[in-house]
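Chain by chain, the residues:
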Amino acid sequence: MTRLRALVRTPWFWGIVGIVLLLALNTLKDPTYLALGVNPTTGQLSGNLLDILRVSAPIVMIALGMTFVIATSGIDLSVGSVMAVGGAIAMVTLSGLGQPTSVGAMFTAIGLAVLLGIVLGAINGLLVAVIGLQPFISTLVMMLAGRGIARVITGGQNTNAENAPFRALANGQFLGLPLSFVLAIAIVIVVALVMRRTALGLMIESIGINPQASRLAGIRPRPILIAVYVLSAALAAVGGLFTVSEVMTVDVSGTGYQMELDAILAVVIGGTSLAGGKFSIVGSTIGALLIATLNKTVLFLGVSAAATPAFKAIVIVALVLLQSERIRSLVLRRGNRTRTPAAPLSESTQPKEVVA
């Protein structure tokens, strides 16, 4: 019972509950929703669950990077634009090389995309840690500038390319699972090991909890702040690679559009406080899976574009309320009041008959 109560108090537990409920809702509409089959053209497994895992890979990447930024009491509004920049440089590189089957061309495109993401992240970090700008302002500027950089790279045009190994990043499979999802989880595991097996994770949390006290304890906040923004941008660039590899086209206006909102929501659903401090990598990953499931549910149920934000807002607000300890305590308290019968009056409290 104690373990169950501890699990219920864990924020990402309600993220899992939300995923299960959304899948159940889709199954009610179509009993074959969770079924898996084999694509006769490619010979690969296919199904709605695999589609959810595939589209969740970019969200997992940007949510992972956003987790550490928020843990330092910051915010990164530029991840969507960095996704577009990463996708743009990859498509232009592959198109220029003109090698549709070259693995070397794929790694060149990936390397340039991640390198450019690191540069943009370093600029964010310098503006926040050295110049002293508010994270909201500095990353807002980069959000606007990033779209401009993507347009400069592509000449303002949607750019496509052909490269089979690069296309396999999103459309390939490993042990029946989408390759992009497998790579995303592998990156999550590597980052989690670095954060939890070294002092880096503790230093990030200490800066978010109390930057003055952490400075007095000998922690230098500037290099760590720069590092978290660099990591966030690098992971956003990887997310952009996953996005464009699915269709082998970059849309400089649409790629990564409003993805920063999904990243922030995934982190909050996972239990990381916007005030900074302790973070949950597992929680952010589950939150990203929930956002991907929610997006696919909106499409599957045929919710109109006008009503989509309201539908997503209702689901997310419900989950946040379930995470609230105060709301759960209030519900349990009212439930106990309705179930507990009134205690009988004792002899000392029963009214005595008044004798005239």
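Heads up: these notes are all about the structure in this document. (Residues numbered from 1 in each chain as written. Predicted model: local features only at pLDDT ≥ 70, side-chain atom pairs only at ≥ 80, totals over all residues. Heavy atoms only, no water.)

## Remarks on the side chain of Thr-154
Then, in step 1: Here Thr-154 shows up in helix H6 (residues 135-154).
Then, in step 2: Of the residues examined, Thr-154 reaches a relative accessible area of 10% and is grouped as buried. (Helix = DSSP H or I, 4+ residues; strand = E, 2+ residues; numbered from the N terminus. Buried < 20%, exposed > 50% of the residue type's maximum accessible area, 1.4 Å probe, protein only.)

## Remarks on the environment of Gly-176
Then, in step 1: By the element assignment, Gly-176 lies in the loop between strand E4 (173-174) and strand E5 (177-178).
Then, in step 2: Judged by relative accessible area, which is 18%, Gly-176 ranks as buried.
Then, in step 3: For Gly-176 and Gln-44, which are 132 residues apart along the polypeptide, the C-alpha to C-alpha distance reads 7.2 Å.
Then, in step 4: With near-sequence residues (within four places) excluded, Gly-176 lies in contact with Leu-45 and Leu-50. (Contact = heavy atoms within 4.5 Å.)

## As for the pattern of salt bridges
Then, in step 1: Per the stated rule, a full pass over the model turns up 3 salt bridges.
Then, in step 2: Between Glu-162 and Arg-167 there is a salt bridge, and its shortest N-O distance comes to 3.6 Å. (Salt bridge = Lys/Arg side-chain N within 4 Å of Asp/Glu carboxyl O.)

## Thoughts on the environment of Ala-192
Then, in step 1: Residue position: Ala-192 is located in helix H8 (residues 179-197).
Then, in step 2: For Ala-192, a relative accessible area of 22% puts it in the partly exposed group.
Then, in step 3: Residues contacting Ala-192, with those up to four places away along its chain left out, are Arg-197 and Ile-281.

## Re the packing of helix H3 (residues 48-71) against H8
Then, in step 1: For the pair H3 and H8, the least separation of the axes is 8 Å and the interaxial angle reads 20°. With respect to each other, H3 and H8 are oriented roughly parallel. Once H3 is placed against H8, the crossing between them reads as left-handed. Residues Leu-53, Arg-54, Ser-56, Ala-57, Val-60, Met-61, Leu-64 and Phe-68 of H3 touch H8, and the partners they reach there are Ser-180, Phe-181, Ala-184, Ile-187, Val-188, Val-191 and Met-195.
Then, in step 2: Looking at the contact of H3 with H8, its residues break down into 12 nonpolar, 2 polar and 1 charged. (Axes fitted to C-alpha atoms, helices over the stretch in contact; angles between N-to-C directions. Parallel < 35°, antiparallel > 145°, perpendicular 65-115°, else oblique. Left-handed = near helix turned anticlockwise from the far one by under 90°. Nonpolar A, V, L, I, M, F, W, Y, C, P; charged D, E, K, R; others polar.)

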